[in-house]
Amino acid sequence: MSAGHSVQAKQAPYYYVPADSGHPVRMAVALLVTAVGASAWVNSVPAGKWLVLVGLLAVIAVLFRWFGDAIGESEGGLNSRRVDVSYRWGMSWFIFSEVMFFGGFFFALGYVRLITTPWLGDLDHKLLLWPDFTASWPNFGPAGVVEHFQTVGPFPLPTINTALLLTSGVTLTISHHALRAAHRGKAIFWLAVTVLLGAAFVGCQAFEYHHAYTELNLKFSSGAYGSLFFMLTGFHGFHVIMGATMLTVILFRLIRGHFTPDHHFGFEGAAWYWHFVDVVWLGLYLFVYWF
């Protein structure tokens, strides 16, 4: 999120290539420690959770320094328009990969609901395998092997969260237009509002999870519905946290005087990501909570 710069592109070299860096190696080691710790943790090794903590702290530290270097290059006038184009293509492909990521989960939801559930409830399967199975969504598995639970409806929290995210998209757009018009104070204010709306969304989702677990008996082990519900909404919540973190970094950069009306792809890239998160939520709101 660091390609925006506050100097004119004509001052930059033809195409800036950074010097050799140890950041990729350090990041690989940090991720390896995190993965080893996670593997140990799920296998009940006591030290596993501490390895995960150390690995994640190392990841954060490496990212802080790595992005700091990239921001310094940007603010130092090293990124020409050609580098700016590279950042735009990179962010575009990254968001495309995220579309495919969520597309897989949406496909799994549709496949289970529209294909496998009716298929397992047809006459052949009812006679041969599970005579008591009901081809409804959600269901409690053959012979009721899944504990009874209640589904999460669209009211009130999911609808409130939808309003929060849609409003955050509007406030972010206002902030972007203010930056393009050289109204830095207005841009800072509306971007701060966007971050607060994102934080409110995460808070509401955490409350929803607590309600689902304690009052609806809805867990990750609650059959296909439970696992898909928590995978889809959980990964989306994680992306909201990442998007809000990006926007927070951009907010501090705005306060420090970074970006100009003509050169601010750091802002634009984070905004693209946030709007993508908004669109994914609309799909979740419709296909998970309504349908």
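Residues numbered from 1 in each chain as written. Predicted model: local features only at pLDDT ≥ 70, side-chain atom pairs only at ≥ 80, totals over all residues. Heavy atoms only, no water.

- An unreviewed UniProt entry annotates the protein as cytochrome-c oxidase of Bordetella genomosp. 9.
- Here is the UniProt Sequence similarities (unreviewed entry) comment for the protein, exactly as written: "Belongs to the cytochrome c oxidase subunit 3 family." (UniProt positions renumbered as here; feature names shortened; annotations may be inferred.)

## Quick notes on the overall build of the protein
Stage number 1. Within the protein, the regular secondary structure consists of 8 helices and 0 strands.
Stage number 2. Going from the N terminus to the C terminus, the protein shows its helices and strands as α-α-α-α-α-α-α-α.
Stage number 3. Taking the principal axes of the C-alpha coordinates as reference, the protein spans close to 75 × 40 × 35 Å.
Stage number 4. Counting every position in the protein, which comprises 291 residues, the buried fraction comes to 40%. (Helix = DSSP H or I, 4+ residues; strand = E, 2+ residues; numbered from the N terminus. Buried < 20%, exposed > 50% of the residue type's maximum accessible area, 1.4 Å probe, protein only.)

## Considering empty space enclosed by the protein
Stage number 1. Applying the stated criterion across every chain yields a total of 1 cavity of 30 Å³ or more.
Stage number 2. If you trace the largest cavity, you find it lined by L109, R113, W137, Y225, L228, F229, F287 and V288.
Stage number 3. Where the lining of the largest cavity is concerned, the elements lending two or more residues are helix 3 (81-120), helix 7 (223-255) and helix 8 (265-290).
Stage number 4. For the lining of the largest cavity, the element with the most residues is helix 7, which contributes 3 residues.
Stage number 5. Of the residues in the lining of the largest cavity, the class split is 7 nonpolar, no polar and 1 charged. (1 Å grid on protein atoms, 1.4 Å probe; cavity = no way out; pocket = protein on both sides within 12 Å on 5 of 7 lines; lining within 4 Å. Points joined across faces, edges and corners; volume = space filled by probe spheres on them. Nonpolar A, V, L, I, M, F, W, Y, C, P; charged D, E, K, R; others polar.)

## What about the packing of aromatic side chains?
Stage number 1. Going through the model one piece at a time under the given rule, you end up with 26 aromatic pairs.
Stage number 2. Taking 5.9 Å as the distance between ring centres and 15° as the angle between the ring planes, the aromatic pair formed by F94 and Y273 counts as stacked. Separated by 179 residues along the polypeptide, F94 in helix 3 and Y273 in helix 8 bring together distant segments of the chain.
Stage number 3. Accessibility expressed as a relative area gives 2% for Y273, which makes it buried. (Phe/Tyr/Trp six-rings, centres within 6.5 Å; stacked < 30°, edge-to-face > 60°.)

## Digging into unusual backbone geometry
Stage number 1. Cis geometry marks the peptide bond from W137 to P138, where omega comes out at -5°.
Stage number 2. Following the sequence through the fold, P138 ends up in the loop between helix 4 (123-128) and helix 5 (157-180).
Stage number 3. For A182, which is not a glycine, the phi torsion comes out positive at approximately 65°.
Stage number 4. Here A182 is to be found in the loop between helix 5 and helix 6 (184-214).
Stage number 5. On the basis of relative accessible area, A182 is assigned to the exposed category, the value being 52%.

## A word on the confidence of the model for the protein
Stage number 1. The pLDDT averaged across the protein works out to 90; a share of 92% of its residues lies at or above 70.
Stage number 2. Counting contacts from residues 1-10, a segment whose pLDDT is below 50, to residues more than four positions away or on other chains yields 44 contacts. (pLDDT = per-residue confidence, 0-100. Contact = heavy atoms within 4.5 Å.)

## A word on the domain arrangement of the protein
Stage number 1. Per the domain assignment, the segments making up the protein are domain 1 (21-78) and domain 2 (99-290).
Stage number 2. Placing a centre on the C-alpha atoms of domain 1 and another on those of domain 2 gives a separation of 26 Å. (Domains from an automatic or database assignment.)

## Brief notes about the nonpolar core
Stage number 1. Of all hydrophobic cores here, the largest spans 47 residues; its most connected members are V152, L191, L218, F229 and F267.
Stage number 2. Taken together, the elements giving at least two residues each to this core come down to helix 3, helix 5, helix 6, helix 7 and helix 8.
Stage number 3. The leading source of residues in this core is helix 8, at 14 residues.
Stage number 4. Residues contacting F229, with those up to four places away along its chain left out, are V152, E208, Y209, L218, G234, V288 and Y289. (Core = buried A, V, L, I, M, F, W, Y, C linked by side-chain atoms within 4.5 Å.)

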